Amino acid sequence: MIYILVPTFARVEQTKKFLQSIDSSIDTDYLILIIDDHPEKVSFKNIDQNSKLKIITSEKELWWVGSINLGIKSVINEYHLKDEDIVVFANNDVQMDKKSFNLLHKEIKKNLNQIVHPRTFDHDGYEVSSGAKILSYFPYITTHPKNFVQKKSLIDMGTARFLMMSGKVLKKVGDINNDLVQYGGDNDFTLSAKRLHKIYSYILKDAKCLL
């Protein structure tokens, strides 16, 4: 099973476009879990649920980190996540295509002990950061792999526009640090995976998402 965790705060039309792109990109069984953190629950009220889409509503404001952690708790405890399952942290402002999804999926199936992300492009075709490699902590220097030639590029800190991993990896790494609240949770997750569990993150050259 493929589980896609999508925190939302309004932007319903953007979420609908994301859902359409997922529906056209995945041929196998999947479940999208939208975590609606808006106080008026606009996603819950305006998007129809079905067998491939469930919406979780927060009881209090959770922000991004809390929303993702609620989704993680749900797939592990309610859906009984298996090691071979696939989990994606996704933003609702991206769109995927079938070729890119299949490349990510195939890469994870080849090695369950890694995390992967597509390259990210805006609507003008400009490539933006999908993650960073730390070159130095003192002074703090990073590089953001773009337009690289190798099949995949190693990073220390990944973004969560479409961050894919196995259930095995998610259960090892666990929740994101709640103290981060809104920003840096995706970076912290991938950095913790590397530091604590020797699980490495990569950007795939030929997989792309549209921002």
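Further up the page is the structure itself.
Residues numbered from 1 in each chain as written. Predicted model: local features only at pLDDT ≥ 70, side-chain atom pairs only at ≥ 80, totals over all residues. Heavy atoms only, no water.

Go over the side chain of E127 with me, naming the residues and quoting the values.
As for its position among the elements, E127 is in strand 6 (residues 127–128). For E127, a relative accessible area of 10% gives the class buried. At 2.9 Å, the side chain of E127 forms a polar contact with the side chain of R119. One polar contact links the side chain of E127 to the main-chain amide nitrogen of N147, over a distance of 3.1 Å. (Helix = DSSP H or I, 4+ residues; strand = E, 2+ residues; numbered from the N terminus. Buried < 20%, exposed > 50% of the residue type's maximum accessible area, 1.4 Å probe, protein only. Polar contact = N/O pair within 3.5 Å; in protein donor to acceptor, adjacent residues only side chain to side chain.)

Any chance you could break down the pattern of salt bridges for me, citing the residues and the numbers?
In total, this model carries nine salt bridges according to the counting rule given. One salt bridge connects E13 with K16, and the closest N-O pair in it is separated by 3.8 Å. Of the two residues, E13 and K16 are both situated in helix 1 (residues 12–23); the distance of three residues between them amounts to about one turn of the helix. Note on E13: relative accessible area 53%, which makes it exposed. With a shortest N-O distance of 3.3 Å, K110 and E107 are connected by a salt bridge. Here E107 and K110 lie together in helix 4 (residues 98–110), a separation of three residues that amounts to about one turn. Judged by relative accessible area, E107 falls into the buried class, the value being 4%. Put simply, E107, K110, K151 and K152 are held in one network by salt bridges that share partners. (Salt bridge = Lys/Arg side-chain N within 4 Å of Asp/Glu carboxyl O.)

How would you explain unusual backbone geometry if you had to name every residue and give the values?
Here the bond from F138 into P139 is cis, since omega is -5°, no more than 30 degrees from zero. Looking at the element boundaries, P139 is found in the loop between strand 7 (131–136) and strand 8 (141–143). Backbone geometry places H80, a non-glycine residue, at a positive phi of 55°. Given a relative accessible area of 55%, H80 falls into the exposed group. Even without being a glycine, K198 presents a positive backbone phi close to 55°. Relative to the helices and strands, K198 is located in the loop between helix 6 (185–197) and strand 12 (200–210).

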